[in-house]
Amino acid sequence: MTLESAQEVKRMSENKVKEAQDGWATSRVHIMPADLPTNGARKAMEKNCPGGVAFDLQHVNMLQFLKEEYGNKEYRGHFATHASRRYDKDGNVLFGGDVHEADTWTQMEEDLRRSSGNVDAVIAALQLYSDKTLLFMKGEA
């Protein structure tokens, strides 16, 4: 082991300790073609990546994260906590809105309330995405 590689191992070890302290963790994710819906995405993966795709996912405890985010006063009014519909002036349902306006969300919310017996149950949904251009626009990479 070279001095450089020993220093890298030490840095990696220190980073793992920091991750554990600030709540961040790393999990290895492996997506296989069979994990995808039977559509073009599955066919493309079967053709191009028959062994699947593996990657590291950086994450925090989602319940802890949701409690912190939903409790943050700066974000009030920016979370959709219930299914909803938008209508035009004639009372027709408008399409092409946000995800909480979709039929699927409404159905999932109704199923959750029925199965849990809690009429106030809501879906705490997060949209996961990765956009390096957004990071660069904010001056962080």
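Residues numbered from 1 in each chain as written. Predicted model: local features only at pLDDT ≥ 70, side-chain atom pairs only at ≥ 80, totals over all residues. Heavy atoms only, no water.

(A) Spotlight on the overall build of the protein chain. Broken down by element type, the protein chain carries five helices and two strands. Across the protein chain, helices and strands are ordered from the amino to the carboxyl terminus as α-β-α-β-α-α-α. Here the protein chain holds 141 residues, and the buried ones make up 10% of them. Put simply, 38% of the contacts in the protein chain that link residues at least 6 apart link residues at least 24 apart. Counting every atom, the protein chain has about 11,800 Å² of accessible surface; 55% of that belongs to carbon and sulfur. (Helix = DSSP H or I, 4+ residues; strand = E, 2+ residues; numbered from the N terminus. Buried < 20%, exposed > 50% of the residue type's maximum accessible area, 1.4 Å probe, protein only. Contact = heavy atoms within 4.5 Å. Areas by Shrake-Rupley, 256 points an atom, 1.4 Å probe, with all protein chains shown as cover.)

(B) Layout of the pattern of salt bridges. Counted under the stated rule, the structure contains five salt bridges. Among the ionic pairs, D103 bridges to R85, the shortest N-O distance being 2.5 Å. Taken as a pair, D103 in helix α4 (residues 103–116) and R85 in the loop between α3 (62–71) and α4 lie far apart in primary sequence, 18 residues in all. (Salt bridge = Lys/Arg side-chain N within 4 Å of Asp/Glu carboxyl O.)

(C) Region of the structure containing the side chain of E109. With respect to the element layout, E109 can be found in helix α4. A distance of 3.1 Å separates a polar side-chain atom of E109 from the backbone nitrogen of A83. Setting aside residues no more than four positions away along its own chain, E109 makes contact with T81, H82, A83, A121 and I123. (Polar contact = N/O pair within 3.5 Å; in protein donor to acceptor, adjacent residues only side chain to side chain.)

(D) Spatial organisation of the side chain of E101. With respect to the helices, strands and loops of the structure, E101 is situated in the loop between α3 and α4. Since its relative accessible area comes to 13%, E101 is described here as buried. Among the polar contacts made by the side chain of E101, one reaches the side chain of R86 at a distance of 3.1 Å. Beyond its immediate chain neighbours, meaning those up to four positions away, E101 contacts S84, R85 and R86.

(E) Inspection of a nonpolar patch on the surface at higher detail. A contiguous nonpolar surface patch, about 200 Å² in accessible area, is contributed by V53, F55 and L57. Inspection of the secondary structure assignment puts V53 in strand β2 (residues 53–59). (Patch = residues over 30% accessible without salt bridge, like charges linked within 9 Å, V, L, I, M, F, W, Y side chains within 5 Å.)

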